[in-house]
Every structure is written in C-alpha cells, then in structure tokens.
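# Overview (structure and organization)
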Amino acid sequence: MGQTITQVDAFTNIPFAGNPAAICVLPTPQDEGWMQNVAQEMNLSETAFLVRQDDGFNLRWFTPKVEVPLCGHATLASAHVLWSEGHLSPNEVARFYTKSGVLIAKLQGKWIELDFPVNHSQTTVAPRELKAALSVPYKSVFLNSLGYLVELESEDLVRQIQPNFQILKTLPTSEIIVTSLTNSDSEYDFVSRFFAPGLGIDEDPVTGAAHCCLAPFWRDRLHKDQLLAYQASSRGGVVKVYYDGSDRVFLSGQAVTVMRGELITG
C-alpha cells in the first residue's frame, strides 16, 4: 500500500500562491534517509512528516537538502491537513512535538494561528561578502540563530533585490532575511524576503521562522503588538503577527490544498 502525500499552499487563501509544502501523515515512523529522499523527490522548500504521539504528533521538516529545526509554513500546512483530512476535529488543538519544542496550532475561522518561539537579533558587522552579494544600500545588519537580518532602505529595494547566491553560499551563514517598512499607502506594516541557498532554497516564498525574528524587530520600531506582514516573493504571502514582548510569537495564516496523491513505497 502507498503512502498518501498532500501538497498545501500555506500563508495564502488561493492556489498557486503562498509557500507550497508536502505533508505526509505516517502510520509509523520512517528512517531519516527515506524522509530525505521523499523531500528531494518532492523538490519543494519543505516536506513535513507527522506520526501520532500521545496527545499530538511528532513533526519533522526536510528541505530537498537537509532536515531543519523549525519551519512555519510546513507547520501551518500540517495543521491544515490534520483538520481538513479528519485526523483532528476543527475544535481540537494541533499539538506538535518537534526539535524546537512543543508547537501549538489553533483553527480560528479561516485562519490558523501558530504558537512559536521568538528569535531575537543582535547587531553585527556586515561581512564584505554580504555587502557584495546584496549590492543594494541597507540601513542596518543583525544576526540571529536563523541567519542575517538586513534592513533595507525601502520596500522597493526589498521587492527588486536580486542577490548573488554564489557569494551568499560563501558566508558563515547563507540564510538572509531582507526587510523594510512598507510604502505609506500599503495595508501592511512591513515587507520581507528570505534567501537560503545553503539549505538548497535560493528564495523561500513565505517563511514563518523568519517572522519569529521579524516580530520583535518591528515591534521595537513600530511600538505595536499586532502587525500585518507581506513576504514579497514572486508567489507572495500574508502573515498576521502578534508579539507582546514575551518568549512566544503568534503567527496566523491561511492554507489551501492543491494536490493529493500516493507515494509508491515498495
């Protein structure tokens, strides 16, 4: 018998936008090599694997190249699959046991709220290679456990930037968030993009983990707990952010199933 796999577009309410993730709800645990092979075959920014555990699900995330410790959009997509495919009833909380601790997802109308750990950034000196890779003016550079966070001068620069990925790969960390305030006529508070060539993803369409860094960064500057964010990749995605200064960030997004099939497992 094959293994069902579902492809979900996360942080969007329309197909072919947001960030696609493949979701496998497994009847029993599988070895890492098999999961990595599936992720490589799917060739999406993330493939997530879930196994029921006590009062929740064990959850792991793989890019086509490596396993990662935290992924927002694939967690949101996983919760969407659990509710939409009947693994959980809509009034049940989705509880995930992960390498980043216990993560909680709640269905709130058409939106899914994720409870994630905050990721603070510290000021740093930009390496010469980072300046060369970005080739645009910037206001400041910070460093966190995800990678570099670079504040650019304008929304237009965030949307237009075309990094040199070969140079990015030479950095100690090749994961880069670029962000800025939005233009004055925008409905969003800030805009961002996320580049991760070292993880096998030149540009991630919409990145929940990046917003765990962006939440405290922009709260400190805008003095607001509730923020509306847009990740300006070619697919684009909307993230509602709530951060009150604690050790947790609440990210909300929508999701839509675009494909369901079966893996031939042998």
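Okay, so let's go over this structure. (Residues numbered from 1 in each chain as written. Predicted model: local features only at pLDDT ≥ 70, side-chain atom pairs only at ≥ 80, totals over all residues. Heavy atoms only, no water.)

## Observations concerning the nonpolar core
Here is the rule: Residues enter a nonpolar core if they are buried and are Ala, Val, Leu, Ile, Met, Phe, Trp, Tyr or Cys, with the set joined through side-chain atoms within 4.5 Å. Three exposure classes are used, based on accessible area relative to the maximum for each residue type with a 1.4 Å probe and protein chains only: buried under 20%, partly exposed in between, and exposed over 50%. Here, residues are in contact when the closest pair of their heavy atoms is within 4.5 Å.
Counting residues in each nonpolar core, the largest one holds 51 residues, and the members touching the most others are Trp61, Ala94, Phe96, Ala105 and Val241. Contact partners of valine 241, with chain neighbours within four places excluded, come to His211, Ala215, Asp225, Gln226, Leu227, Ala229, Val249, Phe250 and Leu251.

## A closer look at the packing of aromatic side chains
Using the following cut-off: Any two rings among Phe, Tyr and Trp, with Trp reduced to its six-membered ring, count as a pair given centres within 6.5 Å; such a pair is stacked if its planes are under 30 degrees apart, edge-to-face if over 60, and tilted if neither. Two conditions define a charge sitting above a ring: the NZ of Lys or the CZ of Arg must be within 6 Å of the ring centre, and it must be within 35 degrees of the ring normal.
With the rule as written, the count across this model stands at eight aromatic pairs. Here the aromatic cluster, defined as three or more aromatic residues joined through ring pairs, consists of Phe142, Phe190, Phe217 and Trp218. It is arginine 221 that lies over the ring of phenylalanine 217; its NZ or CZ is 3.6 Å from the centre. The side chain of lysine 240 reaches across the aromatic face of tryptophan 111, ending 3.9 Å from its centre.

## Looking at the layout of surface pockets
Empty space among the atoms becomes apparent when a probe as large as a water molecule is rolled across them. Filter applied, for reference: Buried and open spaces are told apart on a 1 Å grid over the protein atoms alone, a cavity being a set of points where a 1.4 Å probe fits but cannot get out and a pocket being an open set with protein on both sides within 12 Å along at least five of seven lines. Residues with an atom within 4 Å of a point are the lining residues. Grid points are joined across faces, edges and corners, and a volume is the space filled by probe spheres set on the points. Charged residues are taken to be Asp, Glu, Lys and Arg, nonpolar residues to be Ala, Val, Leu, Ile, Met, Phe, Trp, Tyr, Cys and Pro, and polar residues to be all remaining types, Gly included.
Each pocket or cavity is described by its volume, and for the largest pocket that value is around 360 Å³. What lines the largest pocket is a set of 21 residues, and nearest its centre among them are Val68, Pro69, Leu70, Leu146 and Ala209. A per-class count over the lining of the largest pocket returns 13 nonpolar, five polar and three charged.

## Regarding the side chain of asparagine 144
Here is the rule: Numbering of helices and strands runs from the N terminus; a helix is a DSSP stretch of H or I covering at least four residues, while a strand is a stretch of E covering at least two. Identification of polar contacts relies on pairs of N or O atoms within 3.5 Å, with a donor-acceptor requirement for protein atoms, meaning one able to donate a hydrogen and the other able to accept it, and with residues adjacent in sequence counted only if both atoms are side-chain atoms.
Within the fold, asparagine 144 resides in the loop between β10 (138-143) and β11 (148-152). Within the local environment of asparagine 144, its side chain forms a polar contact with the backbone nitrogen of leucine 146, the two atoms lying 2.9 Å apart. Residues contacting asparagine 144, with those up to four places away along its chain left out, are Asn119, His120, Ser121, Leu149 and Cys213.

## Some remarks on the environment of aspartate 115
Relative to the elements of secondary structure, aspartate 115 occurs in strand β8 (residues 111-117). Take aspartate 115: its relative accessible area is 17%, and that puts it in the buried class. For aspartate 115, the residues in contact, after removing those within four places along its chain, are Leu103, Ile104, Arg248, Val249 and Phe250. Only 2.7 Å separates the side chain of aspartate 115 from the side chain of arginine 248, close enough to count as a polar contact.

## Brief notes about helix α2 (residues 72-84)
The periodicity of an α-helix, 3.6 residues per turn, causes residues three or four positions apart to be oriented the same way. Cut-off, in case you're wondering: By definition here, a helix of n residues has an expected span of 1.5 Å times n minus one.
Compared with an ideal rise of 1.5 Å per residue, which puts 13 residues at 18 Å, α2 spans 18 Å between its outermost C-alpha atoms and is within 8% of the ideal. With twelve of 13 residues buried, α2 is to be regarded as a mostly interior element. Listed as buried for α2 are Gly72, His73, Ala74, Thr75, Leu76, Ala77, Ser78, Ala79, His80, Val81, Leu82 and Trp83. Glycine 86, located one to two residues past α2, shows a positive phi value of around 85°.

## Describing helix α6 (residues 208-222)
What counts is decided by this rule: Bend angle per residue: angle between axes fitted to the 7 residues ending at that residue and the 7 residues starting there.
Between the first and last C-alpha of α6 there are 20 Å, a value that for 15 residues agrees with the 21 Å anticipated at 1.5 Å per step. Along its length, α6 reaches its greatest deviation from straightness, about 30°, at leucine 214, and the proline proline 216 lies no more than four positions downstream. Those residues of α6 that fall on the buried side of the exposure criterion are Gly208, Ala209, Ala210, His211, Cys212, Cys213, Leu214, Ala215, Pro216, Phe217 and Trp218. Two residues or fewer after α6 comes histidine 223, characterised by a positive phi angle close to 55°.

These figures come from the coordinates and say nothing about function on their own.
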